[in-house]
Amino acid sequence: MTASEHGRVTTAAGRLARLGFVAADQAAELFAEIGLRLPDDDGPGPDRAVVEALREAADPEAALTGLARLLERAPDREELLAAVRADAELRGRLLAVLGASTGLTDHLCRHPGDWRRLRGPEAERAPEAAEVRAELLRAVGADDSADPAEPPAARPDRIEADPVMALRAAYRRRVLGLAARDLTGLADVKRVAAELADLAAAALEAALAVARAELGDPARWCRLAVIGMGKCGARELNYVSDVDVVFVAEPAEGADDEQAALRAAERLAAAAMRVCMQAGEEAALWQVDAALRPEGRNGPLVRTLASHTAYYRRWAQTWEFQALLKARPVAGDAELGAAYLAALAPMVWRAAERENFVADVQAMRRRVEASIPAGAADRQLKLGPGGLRDVEFAVQLLQLVHGRTDESLRAPGTLDALDALSAGGYVGRDDAADLSAAYRFLRRVEHLLQLHRMRRTHMVPDGGTPDGRRELRRIGRALGHRTHPEDSFTAEWRRHAREVRRLHEKLFYRPLLQAAARVPSDQAGLSPEAAEARLSALGFGDPAGALRHIQALTTGVSRRAAIQRTLLPVMLGWFAAAPDADGGLLGFRQVSDALGSTPWYLRLLRDEAGVAERMAWLLGSGRYATDLLLRAPDAVAILGDDAALAPRPQQALAVEADAVLRRHATAEFAVTGLRALRRRELFRVAAADIFGLIDVDQVGEALSAITAVTLDGALRLATRAVLDGRPSPTRFTIVAMGRFGGRELGYASDADVMFVHDPLPGADEGEAARTAHAIAVELRRLLALPAPDPALHVDADLRPEGRQGPLVRTLASYRAYYRRWSSPWESQALLRAAVAAGDAGLGARFTELIEPLRHPEHGIDDAALREIRRLKARMESERLPRGADPGLHTKLGRGGLSDVEWVAQLLQLQHAHRVPALRGTRTLEALAAAVNAGLLDGGDARRLAAAWRLAGRIRGAITLVRGKGGDSIPTDIREGTVLARVLGYDSHGALIEDYRRTARRARAVMERVFYG
């Protein structure tokens, strides 16, 4: 470059920088290379219009670079440059494409003559689907005017190029024209999506024509229809998207061998897919995805209509009917495609009647959300919060619910369906308009993302990188933002995403509120029947009752009703997502009736969304926590604070219990306060458990601590009441047994105990015995008094001689009994004995007394081993409730709690004399100690621990759901589904499958280790 040329470029760069070009130096060199003259600072100049058009492009530098590349490759360079200078419409379309899509720029450089498709009136016109189909068939040499009985087949001799490459070039030529109209505002997003779907259908037809030519005569043996699914079927396709299809085939008339005909159809379908997808000189069109077919990728690629129909009648899952909502014949045998639609469409509209319909749909939605890579959700335009899928999911669910009775809603496209839902009163008119606007914006952004490199993507660029900022700038400018386009676009996108999320949560429930509370509105509303249908489909088992609850909560002009009308549209969504929607709504009404006039309550729910959401989930998770909350509704206040929900240490509870006892003079009043403290702590533990803040080990520890503190307080009250100021003639202690002694209590567990006393020196032994017995009886009476708070049942049946023996024994009596009468099962029971309350010195002496029994010096002999094994076998055969499924009984069934605990206890009886670490009362600690001592394989211990924990979680969840204890996984689908959801499973079946598998593995270990 000469000095004068360099000077001109430098001057030009300064002008371009003032005109807004970022890479001004590079742009100036390209201007010089192309031969464009820049306008003077104070004059129009001959190429002013070209510069202005470049400035309007989404990426001016990319548009200029693309123009230079195109001119370099164009054989008619001067004609093209002259046209760009003279033809404003061509200039605008061409530079808009070059500035937005490097992918289409590459196409133009491969086919430089295609710029002519952007010139003249034809470039402004939206083509008909038949016209596009005919053009793509001609591209592969097929005749679209053939007899329908003779489907079109490619004729390579009619074209110069490879038919596959010719099809791809013709396809992108059409995309080029559509993108030009899209980017210059001549086609809105709905029209663009529809044309892309029609173009995909035409490409599939042409691909079939190529496949028929490859296959030859066998192609005549079959009829094959291609059913478009997803966005292709709904005519709302993206620029670069998987094209979802299903193939249906029948033998052609006169075909001799049906199986041969179907094999030919499968070869034809596979070949057509290959035409669209295989690598080559021209880029592949898109992925053809047939995974939505019956049985998915594991099923045959092609089925007959009868086979399709049989599958959907018998085996199809809810999501498969949801997918059929968008099914449309797009290529191949039109008559067969129409028959497919006629046979299966009616099934779609019965899908909402299926049991667990909403649970199935929501589970699928959760699986989709869970598939988003960590850290990507906030940039996911399709699957992230407030993304495209939120809109589509909401609209499809409403269609399936109400389309059963209203055929006007049976539109495959999202925007058409949303318009129909609004017209029918199923969605508020303003909500529908806002949602439609947001959806159009998101689809427009999706198109711009994919146009850039003609690649499938839904990820918004990362604004934290230079390349990402440039991408955001390009999108923002394409959307019309000129001041800080990257920031303006991001703000607009976030606003629309928030609006979608808000409307997604509101869409189902605001019309229900208007129907139930009769809120005045100038918009069409749901009829009571439609409202009940929606509630039923959303998972409410008693929709009429749900409407009554909504009406009671929201009707009236009070401040309470006004706030409830604000809260309920969102809370109803949370109730519907909870395990038990009806129970959640009922519980909310009951709590609100108790607290509705309390100012802080409604303010808390209104201002703290986390508290309201947690409350909805807790109330919808069963009766146990709900009943506890109803006894003291002000406990709602702790739901939003994880720290407040953490179980409190036993020492802190003991201090508070001591204060309760000091405040009350009588035992009855004091025990009422003590039981209120227990109830509050039970609620804290249950809530933390339901929200997943603590595990089953921590639940057992917390419940055991609460029980110990309650017993200690009740013992002091009982002692005070019996003695009535007199000095005690005896010492008294309570020994925890069973799960209580192992610190493994469940919500429904009794407090298994033994009472021990020891007369003081010089005291009358008869008086001491009477006093000790009276204290034990009074303690049990106080804890069982009728009261609003749950009673604590104290069970002393594990004492010597069981129910036939004295309730309280002296330490000497225990010593004499164990020395003379003790049996192996009693030694086994004593493994979990631990002092819980009372005289610490007496407790230590009792522990010393039983030590040789539970940890015998040389282990147990063969006779004791046989007796323990016999007792275990007898328990399995006799104690399992009649009719109970051993595979589902979590306590006594195969692989249940008993199996694991007896293995641990046998190892303790055999080896604790020489392995001090085995001398604990907890099951899992004993297993771990056995592994460390080489007595148990590590893998076996993990299988046993997994079964023990899962069984414990299930037993706890059964109590949380029912409000009372239970050991068997329910077989009732409705109750079982609630239980499964509380435990984090998608379905009742998934819970049962996981439990059976886990228990089966534990049982195998138990039989090998315990029975030998």
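Residues numbered from 1 in each chain as written. Predicted model: local features only at pLDDT ≥ 70, side-chain atom pairs only at ≥ 80, totals over all residues. Heavy atoms only, no water.

Using the criterion set out here, one finds 14 aromatic pairs in the structure. A ring pair is formed by phenylalanine 489 and tryptophan 493, whose centres lie 6.3 Å apart and whose planes are at 10 degrees; its orientation type is stacked. Highlighted residues: phenylalanine 489 and tryptophan 493, both in helix 21 (residues 485-507), separated by four residues, approximately one helical turn. Considered together, phenylalanine 489 and tryptophan 493 belong to a single accessibility category, that of buried residues. Seen in terms of ring centroids, phenylalanine 732 and phenylalanine 755 are 5.8 Å apart; in terms of plane orientation they differ by 40 degrees. Their pairing is tilted. With a gap of 23 residues between them, phenylalanine 732 in strand 6 (residues 730-736) and phenylalanine 755 in strand 7 (residues 751-759) connect regions that are remote in the sequence. A single burial state applies to phenylalanine 732 and to phenylalanine 755, both of which are buried. Each member of the aromatic cluster is reached from another via a ring pair, and the members are Tyr814, Tyr817, Tyr818 and Phe846. (Phe/Tyr/Trp six-rings, centres within 6.5 Å; stacked < 30°, edge-to-face > 60°. Helix = DSSP H or I, 4+ residues; strand = E, 2+ residues; numbered from the N terminus. Buried < 20%, exposed > 50% of the residue type's maximum accessible area, 1.4 Å probe, protein only.)

Looking now at the layout of surface pockets. Approximately 1100 Å³ is the volume found for the second largest pocket. Forming the walls of the second largest pocket are 34 residues, and the residues nearest its centre are Asp244, Leu292, Val368, Lys382 and Arg389. Those elements giving two or more residues to the lining of the second largest pocket turn out to be helix 11 (230-233), helix 14 (318-324), helix 16 (357-370) and helix 17 (388-402). Its residues assigned to classes, the lining of the second largest pocket comprises twelve nonpolar, eight polar and 14 charged. (1 Å grid on protein atoms, 1.4 Å probe; cavity = no way out; pocket = protein on both sides within 12 Å on 5 of 7 lines; lining within 4 Å. Points joined across faces, edges and corners; volume = space filled by probe spheres on them. Nonpolar A, V, L, I, M, F, W, Y, C, P; charged D, E, K, R; others polar.)

Burial of strand 7 is extensive: nine of the nine residues sit out of reach of the surface. Both faces of strand 7 are covered, namely the face carrying Ala751, Val753, Phe755, His757 and Pro759 and the face carrying Asp752, Met754, Val756 and Asp758. Note that strand 6 and strand 7 share seven bridges and pair antiparallel. By the bridge assignment, threonine 730 is partnered in strand 7 with proline 759. With two bridges joining them, strand 7 and strand 8 (residues 794-795) adopt parallel strand pairing. When the bridges of strand 8 are listed, aspartate 752 appears paired with aspartate 795. Handedness of the strand 7-helix 35 (residues 765-784)-strand 8 crossover: right-handed. Bridge analysis of strand 7 against strand 9 (residues 808-810) gives three bridges, and the strand direction is parallel. Bridged to histidine 757 within strand 9 is threonine 810. (Pairing = 2+ DSSP bridges. Right-handed = clockwise from strand over helix to strand, strands pointing away.)

On their own, these measurements won't tell you what the molecule is for.
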